[in-house]
Amino acid sequence: ITYIRMFPERVHAALLFSLVPLENRAPLYHAAAAQRALDVLVGQCRADAQCNAAYPDITGDLEAVLERLRAAGAHISHRHIAAFDELAALTARHGTIAAADAYFFHQALVDGPQAGAIDRRVLARLVRGKTMSALDLLTLQAAHVRLRHECAALLGDAWMLCPTVVHVAPLVAPLEADDELFHRTNLRTLQNTLPGNFVDLCGVSLPMGKGAAGMPLGALISGAAGRDAALLAAAAGVERLLATEDS
């Protein structure tokens, strides 16, 4: 569609179809699976001291925002996005496209005498790109194209809402002292934004109250690739709604 709009003189005909008939209703087990996924997330957060401190009532915080949107006329549904699960498995096995790109552009620095001047944790991630094979990169690139289309078809004209980050800003000193803690915290920090980045979602983060120590929390609104203008308009409306309710 975007290509047709940008270059109408180059397109004489186009065949448009959906993955499933538009009149099809999602089966009940989709909703049940989404609820189970949310319940698991809440349970894991309550069992994790850092997450529980940041989100002492993660269900209540999220539902409060959703209830405001419902009251304003939004239609809310819970969905489990299987593409995000697949992405987690792919990156665990093959690495990331970003690591391969980073090593490609910074190879001379990483393999040269100045490597010691690079932050050790950044260097470790750059070196991960060095160990990736052509098969790893091609697998990730193929998955990027496929999952991008799958997520765009799933979202359609809808918006996805989730916490921007699953914890408040962490203390720096413990992360400086423990590389493994830094690694785990970094993965948790990127937990909700990395999948959208991989499948080219556009996103806007809005204030969503405060967590531990009065630190701010954010709600991430995401849409399919290419819907940036529509997303900005929707996010502005949600921002006004939340600001009105808080005032």
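Above: the structure in question.
Below: a short report on this structure. Numbering of residues starts from 1 in each chain and follows the order in which that chain's sequence is written. For this predicted model, a pLDDT threshold of at least 70 governs which residues receive local features, and a threshold of 80 or more governs which side-chain atom pairs are given and counted, while totals over whole chains, interfaces and linings are taken from all residues. Remark: hydrogens and water are excluded; side-chain values derive from all non-hydrogen atoms of the structure.

**As for helix α6 (residues 97-110)**
Consideration 1: The end-to-end C-alpha separation of α6 is 17 Å, well short of the 20 Å expected for 14 residues at 1.5 Å each.
Consideration 2: To get the bend at any residue, fit one axis to the seven residues that end at it and another to the seven that begin at it, then take the angle between the two axes. Put simply, DSSP marks the helices as runs of H or I at least four residues long and the strands as runs of E at least two long, and each gets a number from the N terminus on. Taken as a whole, α6 carries its principal kink of about 55 degrees at Phe 104.
Consideration 3: Considered for burial, the residues of α6 that qualify are Ala 99, Ala 100, Tyr 103 and Val 110.
Consideration 4: Residues of α6 that are buried in the fold lie against α7 (120-131) and α8 (134-155). One less than the residue count of a helix, multiplied by 1.5 Å, gives the span that helix is expected to have. Working definition: with a 1.4 Å probe on protein chains only, accessible area under 20% of the residue-type maximum means buried, over 50% means exposed, and in between means partly exposed. Working rule for contacts: check all heavy atoms of both residues, and any pair within 4.5 Å makes them a contact.

**Some thoughts on the sheet that holds strand β3 (residues 216-223)**
Consideration 1: Paired strands are those between which DSSP finds at least two bridges. Strand order in the open sheet formed by three strands is β1-β3-β2, and the pairing between neighbours is antiparallel. The two strands at the open ends of the sheet, each matched to only one other strand, are β1 (160-163) and β2 (202-210). Between one strand and the next, the sheet's axes are offset by a mean angle of 25 degrees, whatever the strand orientation. Orientation is described by axes fitted as lines to C-alpha atoms, over the contacting stretch for helices, and by angles from 0 to 180 degrees between their N-to-C directions.

**Topic: the pattern of salt bridges**
Consideration 1: What makes a salt bridge here is a side-chain nitrogen of Lys or Arg within 4 Å of a carboxyl oxygen of Asp or Glu, nothing more. Within this structure, the stated rule accounts for nine salt bridges.
Consideration 2: Where Glu 86 meets Arg 146, a salt bridge forms, and the shortest distance between an N and an O atom there is 2.5 Å. Taken together, the positions of Glu 86 in helix α5 (residues 82-94) and Arg 146 in helix α8 put the pair 60 residues apart, joining distant regions of the chain.
Consideration 3: By relative accessible area, Glu 86 is classed as partly exposed at 28%.
Consideration 4: Overall, Arg 146 belongs to the partly exposed group, its relative accessible area being 36%.
Consideration 5: Residue Glu 180 pairs with Arg 184 through a salt bridge whose shortest N-O separation is 3.9 Å. Of this pair, Glu 180 and Arg 184 both sit in helix α10 (residues 179-189), four residues apart, which is roughly one turn of that helix.
Consideration 6: For Glu 180, a relative accessible area of 43% puts it in the partly exposed group.
Consideration 7: Several salt bridges share partner residues, and in doing so they unite Glu 86, Arg 146 and Glu 150 into one network.

**So, the environment of Val 168**
Consideration 1: One can find Val 168 in the loop between β1 and α9 (172-177).
Consideration 2: The class of Val 168 is buried, set by a relative accessible area of 10%.
Consideration 3: For the pair formed by Val 168 and Pro 216, sequence separation is 48 residues and the distance between their alpha carbons is 6.8 Å.

**Observations concerning unusual backbone geometry**
Consideration 1: Despite not being glycine, Asp 200 shows a phi value in the positive range, around 65 degrees.
Consideration 2: Looking at where Asp 200 falls in the secondary structure, it is placed in the loop between α11 (194-198) and β2.
Consideration 3: Accessibility expressed as a relative area gives 31% for Asp 200, which makes it partly exposed.

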